[in-house]
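Read off the chains here:
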There are 2 protein chains.
Amino acid sequence: MSNITKKVSWSSRGDELGAAGEGTPLLNGSEQPRHSRQFSEGGSLFQIGRLSTVDLEEEISAEEEAARGQPREIPHNEKLLSLKYESLDYDNIENQLFLEEERRMSFTGFRCLEISRWLICGLIGLLTGLIACVIDIVVEKLAGYKYEAIKQNIERFTEVGGLSISLILWAVLNFSFVMVGSILVAFFEPVAAGSGIPQIKCYLNGVKVPRVVRLKTLVVKVCGVICSVVGGLAVGKEGPMIHSGAVVAAGVSQGRSTTLKKDLMIFEYFRRDTEKRDFVSAGAAAGVSAAFGAPVGGVLFSLEEGASFWNQMLTWRIFFASMISTFTLNFVLSIYHNNTGDLSNPGLINFGRFESENLNYNLYEIPLFIAMGAIGGVLGALFNVLNYWLTIFRIRYVHRPCLQVMEAMLVAAVTATVSFTMIYFSNDCQPLDSEHAEEYPLQLFCADGEYNSMATTFFNTPERSVRSLFHNQPGTWNPLTLGLFTLTYFFLACWTYGLAVSAGVFIPSLLIGAAWGRLCGIWLASIASAGSIWADPGKYALIGAAAQLGGIVRMTLSLTVILVEATGNVTYGLPIMLVLLTAKIVGDYFQEGLYDIHIKLQSVPFLHWEAPATSHWLTAREVMSSPVTCLNRIEKVGTIVDVLSNTSTNHNGFPVVMQVSDNDEPAKLCGLILRSQLIVLLKHKVFVELAGSRLSRRKLQLKDFRDAYPRFPPIQSIHVSQDERECLMDLTEFMNPTPYTVPQETSLPRVFKLFRALGLRHLVVVDDANRVIGLVTRKDLARYHLGKYGLEELHLAQT
Amino acid sequence: MSNITKKVSWSSRGDELGAAGEGTPLLNGSEQPRHSRQFSEGGSLFQIGRLSTVDLEEEISAEEEAARGQPREIPHNEKLLSLKYESLDYDNIENQLFLEEERRMSFTGFRCLEISRWLICGLIGLLTGLIACVIDIVVEKLAGYKYEAIKQNIERFTEVGGLSISLILWAVLNFSFVMVGSILVAFFEPVAAGSGIPQIKCYLNGVKVPRVVRLKTLVVKVCGVICSVVGGLAVGKEGPMIHSGAVVAAGVSQGRSTTLKKDLMIFEYFRRDTEKRDFVSAGAAAGVSAAFGAPVGGVLFSLEEGASFWNQMLTWRIFFASMISTFTLNFVLSIYHNNTGDLSNPGLINFGRFESENLNYNLYEIPLFIAMGAIGGVLGALFNVLNYWLTIFRIRYVHRPCLQVMEAMLVAAVTATVSFTMIYFSNDCQPLDSEHAEEYPLQLFCADGEYNSMATTFFNTPERSVRSLFHNQPGTWNPLTLGLFTLTYFFLACWTYGLAVSAGVFIPSLLIGAAWGRLCGIWLASIASAGSIWADPGKYALIGAAAQLGGIVRMTLSLTVILVEATGNVTYGLPIMLVLLTAKIVGDYFQEGLYDIHIKLQSVPFLHWEAPATSHWLTAREVMSSPVTCLNRIEKVGTIVDVLSNTSTNHNGFPVVMQVSDNDEPAKLCGLILRSQLIVLLKHKVFVELAGSRLSRRKLQLKDFRDAYPRFPPIQSIHVSQDERECLMDLTEFMNPTPYTVPQETSLPRVFKLFRALGLRHLVVVDDANRVIGLVTRKDLARYHLGKYGLEELHLAQT
């Protein structure tokens, strides 16, 4: 059963990798103190008495069961914190090697680095824009063929009867596309499922989500999103752009691809988490920018979701990447549409032009907007609650890839059937005039020169449907059509989100909101005095779309800017803000945002902006992990190998201390070294005894660490002979001699602030004589959160 | 002469206050180690050997001269760092009192706090919006009367001759208004001069600019800006709104006014620098929002200029304040204009509606935009260089308030004369048609039914002129008129910025840029093929305005959003971004931004985003100040009084250490206490000996510290009797027991990152046994900056 829970998690596939040794979940800091085996041979390793008062009963019993060979299922739920996620190092490891390099570097050198950063950002924007183009063009083409085929088929069979054949054709087409997309995702790269936004949020937050920024993920994501959109699912292609941009950024900035085994030998300086994160922010922003034609919104998205430390230069580079991205998309699409130079396609979705003169709003409409925001908040919370239950269900029962594919195919078939049924039974016929030319007007049972307006909504890519809802003339839909459409699409979208397909939730949310928003508009127009133009259904469709999206994802600032940029009109800035703020406040009362729910269900140790308000009574001493496995400044190779091989602890960072006596007394801190560094040292056999013979060999350089980044080999792959075990390793040059520390009396909020603001991975807790007594890592802080009734503590779990 | 330099500085008036003892510049950390007198009586106070290698020769000789009673002038220039600026404490002082309060507070208590934060932000928005209304309405009214009077006068004298009387009338009117404004600023509140943006930048950065957020400053600012705009100076009323918003925020959030001696006894929790700063950010954003109708731009401005740690909740509150502010302005102005409910006045400046259909841009125009950006960068740099020299000149020679008033009056008269001359000699007559109704069309020597188009540009508030340049029909101005106007206005604006009047530089910059941009447009239209509509002069005016403003102030992201929001049209997003980015890159090549120049000329210890790239070779040991004046955990009152009274050191923060021996050995750190806290303790006579007798008296609470905040009395005002000097004070409860520390080997960038990200004021440098060996304060970090040829070190000066 433990495999099961792994299967549906983002990092799944633990079974295969676990055997290979690489993917073994490595924890940071010391965990499960009561179970850690103590290596005390040679007295060089010591552990300090446990001071933590945290009750770990529950997961310990779970572990004991696991130890007895009967893995108990630990359900994913929001009260658990998974120990399988590693952290990223957003704090530079300022060891001697690093400082020497920095000191050697001239002013011009730094200039060049800065220029390459700009170049890389430009490249990120360019490639992200191109990927958006590819997705857009392929989706348009394929969807065009599909709808054309079905339309002809329907038209053929409308007269002669036998529309069930059309239904089957439609269902089969959807079915096949979705199957391909789903197989790709479920079997090849499960992390490419969904929009990727929660994963990118986690990455920017400092959590290492396995394989999230790999090339393979990108390929699967792009193909997957094309398949699911063409397959007619209630999904959008916008969310995945953010993930795609992030992968592009992570790839380009490293100057190599580990998947393709190609190293261009450039940008080596950027091969560390700190720099990579900055570029990934830029990539995510470029993705948003390409998706919505919203460069400023992209920057804000990156900052709102990711950044902890706002740096002006970084912001500008991100902005630059966003700009290039939307421009590339715009330019290439203008060529593709034989309209070179007409820059009217800034994003994958265009809300179309809102003519401001007849769409101005009045003061008395503001309460209406706020009310719609509240409706959006309630509906959004409902969506999230339903999706939450569904996700729990999926985690429990729909875990095997083949089941996931089957579910996706089922959804595809149901979507087609429902759409068809709705179109079939709808008798909302509208005159077909030249003014608003539908792409695929379906006459069906309507009179000549008319078309079925329900069909327009379903029989289109969702992006086009949104645009129609915003801009079509009043009277294009009758209220019943819209009502039914809202209802079905709401449940379809809710069911679809979380399937093993690459797809986003932005467009379905907008579509649902636009539908009920337009409904509101029609209703308002009907009660308003005749001749008044204020109750334009298109305007209310926009407001509804904003409310629904806000109610589901709960972003405010960035979403406002994204929507305003997508609308191309600042006039609606204030209403959109009000609506989003209301939707957020109302929605938060019931349930969290959709992305946060999914992050919680994955039990990710996600650090929020601040420590819980009521956590001042906790101090570093209470939250830290102890005892800490420390290393000596000059340490025996055998000890290091044993520490690293200890699968029950799997520490990732080790305080380096002065030589201490055998008894388990705390020793003075003199540095911090990471597992990855030790691995590289062992691999290159940097032993004191070999130093003499190494005169001919070159000194270990930063380059060696960078070459191994980010996939450091597992300790099992490094062979250390029995003789070598007796050698010594001098860590002085490689450890970070100035790790950040806090005294043990520091309050949790203070620890949290330091940890979060500087993006730390390990924070050493020391006593008043600078002796190591504990280590605070991400999970120690993420464990405390504010529940409905005050401070709650999550349980740690080895899922 | 030393008075002189003080006079023109932001905090001037040091002469009066210095005598009173309050305004005495208090330094943080320990300065001028070679001059610090050592108190070593009782062995309770010790100093640690100086390790700093910084050469302080220059200012030492200056001080020696000063000591000899011959104050040598220390010119303000960018190579100096003033020691007179205090820092703000953006790090919470988590002492026992604070922690007890936090722990006592329930979950509901924190909820209430959060709600009051939102309330305060709403109030800040409301008041800022109302202030903007007042300014707008008063300026419109007064300027209307003025122009009407002059127009009638000119019309009367055009026929009969004797226009010199009109000139005199005009000059005298301008003269009088500017005189009033200038007297207010120069004599009553010099810190209200200029736009206040550099001051707010400094405040948000953590520098305490004296009196910058006081009520008196606000009053002077508002009256001053009305006078200078009505006085016809080349200034805008937008920049000062930012300062006004900040003052409103600082006032409202504290629930009291020290100036009015009124304490509402609410919001006491927010009486500390951390909370106050957050509200000031909101106020600044609300100011931008009201000035430009740009709520998102306001948030970005606050973040770009101020924030170091991006907090989502904070951002939303800031956003809320911005929203309320622009909405209030909009609503009140709609009532004022008898058009209730029509929300078309979101800001003080409206760029008017750009009709997008005929103002779309083409791809081939983008190089043109970039070229204009480059021109803007060059012109902006020229503006800044000229203003830099002018400011140096002013600092040297125009220092007395009366001289400043005279200069302002001179500028007012010259502005009127120049304008008049230009109008007089202009023969650019345009037909007066109903389409673009000028407010004050001046016929002058034109034929009947025509008006003088040069007059339109000058004879208007600058906001209206900008709008005319953007929107008037092609052909409204002939190129010569525009060229002359650009030239004269450029120099007038440059001369005006830095006068002792409250005024902003945004509008003049936009006006200059719009003028030459329109010129470019006209020129392009003349070389373009006839009938092509792309070279619309209005569009190029907008681009020129963006380029010029960007070239002068060098903001990118926030300015893009501000301009896009002010334009009300996202279409120009991309061109504006490109233009601003180009202007910044080109401009930065020559000279810094205008605000940065003024900050540097004030020698403010301003912390930039990152430490200089080439500063890795510096460590905490080299940059720290030492020896440090430390206090014992239980300290003699006499010693404390002596330490605090020592005017030669004026330390603001004192590490508290364990009891040490007489020899000057470093002692173990156990906390940090601030001067302000010690003052309160002394004032309340919290002595160990009195503890018994204090059984009846209440215990010292956080409230006592908050009541004294932010104007703590000087030590001189506290009387301590000879008996009391022998008493002891127990600091344990009041000191911050967990100050952030760094080891002495930490590199400067690492120290900088910690200091900047957490908004620290004092960072204790410890050795490997946690013993205090130095203290890093703001000036120690701000001292290093990247010059043209690598790392430079600023000299510290007592100006």
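None of these values were measured; they are calculated from a predicted model. (Residues numbered from 1 in each chain as written. Chains lettered and ligands numbered in written order. Predicted model: local features only at pLDDT ≥ 70, side-chain atom pairs only at ≥ 80, totals over all residues. Heavy atoms only, no water.)

## Re the overall build of chain A
For chain A, the count of helices and strands is 29 helices and 18 strands. In chain A, which comprises 799 residues, the share counted as buried stands at 66%. Across chain A, contacts joining residues at least 24 apart in sequence account for 79% of those joining residues at least 6 apart. Taken as a whole, chain A presents about 27,300 Å² of accessible surface, with 60% of it coming from carbon and sulfur. (Helix = DSSP H or I, 4+ residues; strand = E, 2+ residues; numbered from the N terminus. Buried < 20%, exposed > 50% of the residue type's maximum accessible area, 1.4 Å probe, protein only. Contact = heavy atoms within 4.5 Å. Areas by Shrake-Rupley, 256 points an atom, 1.4 Å probe, with all protein chains shown as cover.)

## Thoughts on the relation of the copies chain B and chain A
When chain B is fitted to chain A, the residual RMSD is 0.0 Å, and the transformation amounts to a turn of 180° plus an axial shift of 0.0 Å. Both copies are brought into coincidence by an operation consistent with a two-fold rotation axis. Same-surface contact between copies: 100% of interface residues of chain B are shared with the interface of chain A. (Least-squares fit on C-alpha atoms with pLDDT ≥ 70 in both.)

## Describing the packing of aromatic side chains
Residue and element names in this part refer to chain A. Within this structure, the stated rule accounts for 36 aromatic pairs over all chains. Ring centres 5.8 Å apart and planes at 85° place the aromatic pair Tyr 269 and Phe 270 in the edge-to-face group. Note on Tyr 269: relative accessible area 11%, which makes it buried. Judged by centre distance (6.5 Å) and plane angle (70°), the ring pair of Tyr 709 and Phe 712 falls under edge-to-face. (Phe/Tyr/Trp six-rings, centres within 6.5 Å; stacked < 30°, edge-to-face > 60°.)

## Observations concerning the pairing of strand β15 (residues 772–777) of chain B
All names here are of chain B. Taking burial as the measure, the six residues of β15 include six buried ones, the bulk of the element. Here strand β14 (residues 762–766) pairs with β15 via five bridges, running antiparallel. Of the residues in β15, the one forming a bridge with Val 764 is Leu 775. Between the end of β14 and the start of β15, which pair antiparallel, lie five residues, with Asn 770 showing a positive phi angle near 65°. (Pairing = 2+ DSSP bridges.)

## Structural notes on the interface of chain B and chain A
The figure often quoted for interface size is the accessible area lost as the parts come together. Counting residues at the interface gives 89 residues for chain B, matched by 89 residues for chain A. Taking both sides of the interface into account, the surface hidden between chain B and chain A amounts to around 7,800 Å²; carbon and sulfur atoms contribute 67%. In this structure, the connection of chain B to chain A is made through four salt bridges. Measuring nitrogen to oxygen at the nearest pair gives 3.1 Å for the salt bridge that ties Arg750(B) to Asp91(A). Across the chain B-chain A interface, the total number found is 17 residue pairs in polar contact (both at pLDDT 80 or more). Broken down by element, the residue count for the side of chain B that touches chain A peaks at eight residues, all from helix α12 (residues 312–336) of chain B. Its residues assigned to classes, the side of chain B that touches chain A comprises 44 nonpolar, 25 polar and 20 charged. (Buried area = accessible area lost by both parts, 1.4 Å probe. Salt bridge = Lys/Arg side-chain N within 4 Å of Asp/Glu carboxyl O. Polar contact = N/O pair within 3.5 Å; in protein donor to acceptor, adjacent residues only side chain to side chain. Nonpolar A, V, L, I, M, F, W, Y, C, P; charged D, E, K, R; others polar.)

## Quick look at the sheet that holds β15(B)
In a beta sheet, neighbouring strands are held together by backbone hydrogen bonds and run either parallel or antiparallel to one another. Residues and elements named next belong to chain B. Here we have three strands laid out as an open sheet, ordered β13-β14-β15, and mixed in their pairing. Only two strands of the sheet have a single neighbouring strand rather than two, namely β13 (741–743) and β15. For this sheet the average axis-to-axis angle between neighbouring strands, irrespective of direction, equals 30°. (Axes fitted to C-alpha atoms, helices over the stretch in contact; angles between N-to-C directions.)

## Comments concerning the UniProt feature "domain: CBS" (unreviewed entry) in chain A
If you check UniProt for "domain: CBS" (unreviewed entry), the listed places come out as residues 735–793 of chain A in our numbering. End C-alpha to end C-alpha, residues 735–793 of chain A measures 33 Å, and it is 27% helix and 37% strand. (UniProt positions renumbered as here; feature names shortened; annotations may be inferred.)

## Observations concerning the packing of helix α16 (residues 462–471) of chain B against helix α18 (residues 506–527) of chain B
In a pair of packed helices, the angle between the axes and the distance between the axes together describe the arrangement. Residue and element names in this part refer to chain B. Contact geometry of α16 with α18 gives a least axis separation of 9 Å together with a crossing angle of 25°. Of the possible angle classes, the one that applies to α16 and α18 is roughly parallel. Crossing geometry of α16 relative to α18 is assigned as left-handed. Residues Pro 462, Glu 463, Ser 465, Val 466, Ser 468, Leu 469, Phe 470 and His 471 of α16 touch α18, and the partners they reach there are Ile 507, Leu 510, Leu 511, Ala 514, Ala 515 and Arg 518. (Parallel < 35°, antiparallel > 145°, perpendicular 65-115°, else oblique. Left-handed = near helix turned anticlockwise from the far one by under 90°.)

## A short note on the nonpolar core
When a protein is soluble and globular, its nonpolar side chains tend to lie buried together. Ranked by internal contacts, the top residues of the largest apolar core, which has 323 residues, are Phe351(A), Phe383(A), Phe470(A), Leu563(A), Phe351(B), Phe383(B) and Phe470(B). Other than its neighbours up to four places away in sequence, Phe383(A) contacts Phe490(A), Ala493(A), Cys494(A), Val505(A), Ile512(A), Ile552(A) and Leu594(A). (Core = buried A, V, L, I, M, F, W, Y, C linked by side-chain atoms within 4.5 Å.)

## Side note on the sheet that holds strand β8 (residues 631–632) of chain B
Residue and element names in this part refer to chain B. The strand order across the open sheet formed by three strands is β8-β10-β11, and the pairing between neighbours is mixed. Either end of the sheet is taken by a strand with one partner, and the two such strands are β8 and β11 (669–674). On the sheet, helix α25 (residues 675–683) packs against β8, β10 (653–657) and β11 and is oriented at approximately 75° with respect to β11.

## Overview of the pattern of salt bridges
Any two side chains of opposite charge can pair if their charged atoms end up close together. Residues and elements named next belong to chain B. Within this structure, the stated rule accounts for 57 salt bridges over all chains. Note that Glu 114 and Arg 317 form a salt bridge whose closest N and O atoms lie 3.0 Å from each other. Taken together, the residues Glu 114 in helix α5 (residues 107–160) and Arg 317 in helix α12 connect sequence positions 203 residues apart. For Glu 114, a relative accessible area of 24% puts it in the partly exposed group. For Arg 317, a relative accessible area of 8% corresponds to the buried category. Note that Arg 394 is salt-bridged to Glu 407, the shortest N-O span being 3.0 Å.

## Let's talk about the side chain of Thr582(A)
Residues and elements named next belong to chain A. Topologically, Thr 582 is positioned in helix α21 (residues 573–590). The class for Thr 582 is buried, based on a relative accessible area of 16%. Engagement of the side chain of Thr 582 in a polar contact is seen with the backbone oxygen of Leu 578, the distance being 2.5 Å. Apart from the residues lying within four places of it in its own chain, the contact partners of Thr 582 are Ile 370, Gly 373 and Ala 374.

## Concerning a nonpolar patch on the surface
All names here are of chain A. Together, Leu 123, Leu 126, Leu 127 and Leu 130 give the surface a local cluster of nonpolar side chains, amounting to about 280 Å² of exposed area. Along the chain, the position of Leu 123 falls in helix α5 (residues 107–160). On the basis of relative accessible area, Leu 123 is assigned to the partly exposed category, the value being 37%. (Patch = residues over 30% accessible without salt bridge, like charges linked within 9 Å, V, L, I, M, F, W, Y side chains within 5 Å.)

## Details of α5(A)
Taking 1.5 Å of rise per residue, the 54 residues of α5(A) would be expected to cover 80 Å, and the 80 Å separating its terminal C-alpha atoms lies within 8% of that figure. In the stretch just after α5(A), Gly161(A) is the one whose phi turns positive, near 85°. (Expected span 1.5 Å × (residues − 1).)

## Focus: helix α20 (residues 557–567) of chain B
Residue and element names in this part refer to chain B. By the criterion of burial, α20 is predominantly enclosed, with 11 of the 11 residues buried. Of the positions making up α20, those classed as buried are Leu 557, Ser 558, Leu 559, Thr 560, Val 561, Ile 562, Leu 563, Val 564, Glu 565, Ala 566 and Thr 567. Just downstream of α20 lies Gly 568, where phi reads positive at about 75°.

## Here's the deal with the domain arrangement of chain A
All names here are of chain A. The domain architecture assigned to chain A consists of domain 1 (120–337), domain 2 (357–397 + 427–602) and domain 3 (620–796). For domain 1 versus domain 2, the distance between C-alpha centres works out to 23 Å. Domain 1 puts 50 residues into the contact, and the matching count from domain 2 is 37 residues. Looking at the side of domain 1 facing domain 2, the largest losses of area belong to Tyr 147, Ala 234 and Phe 292, adding up to 18% of the total buried there. For the interface between domain 1 and domain 2, the tally reads three salt bridges. (Domains from an automatic or database assignment.)

## Here we look at unusual backbone geometry
In the segment running from Ser626(A) into Pro627(A), the intervening peptide bond is cis, with an omega of 0°. Following the sequence through the fold, Pro627(A) ends up in the loop between α23 (620–623) and β8 (631–632). In this structure, Lys685(B) takes a positive phi of about 50° despite not being glycine. Of note, Lys685(B) is situated in the loop between α25 and α26 (702–708).

## A look at the confidence of the model for chain A
Residues and elements named next belong to chain A. Taken residue by residue, chain A gives an average pLDDT of 81. The fraction at 70 or more is 85%. The low-confidence segment residues 1–8, where pLDDT is below 50, has 26 contacts with residues more than four positions distant or belonging to other chains. Taken as a whole, residues 11–75 scores under 50 in pLDDT and shows 165 contacts with residues more than four places along the chain or in a different chain. Predicted complex, confidence summary: ipTM 0.87, pTM 0.88. (pLDDT = per-residue confidence, 0-100.)

## Quick word on the packing of helix α14 (residues 401–425) of chain A against helix α17 (residues 479–496) of chain A
All names here are of chain A. α17 packs onto α14 with a crossing angle of 175° between their chain directions and a minimal axis gap of 11 Å. If you check the angle between α14 and α17, you find them roughly antiparallel. Contact residues: α14 offers Glu 407, Leu 410, Val 411, Val 414, Thr 415, Val 418 and Met 422, while α17 offers Leu 484, Phe 485, Thr 488, Leu 492, Trp 495 and Thr 496. Residues of the contact of α14 with α17, tallied by class, amount to nine nonpolar, three polar and one charged.

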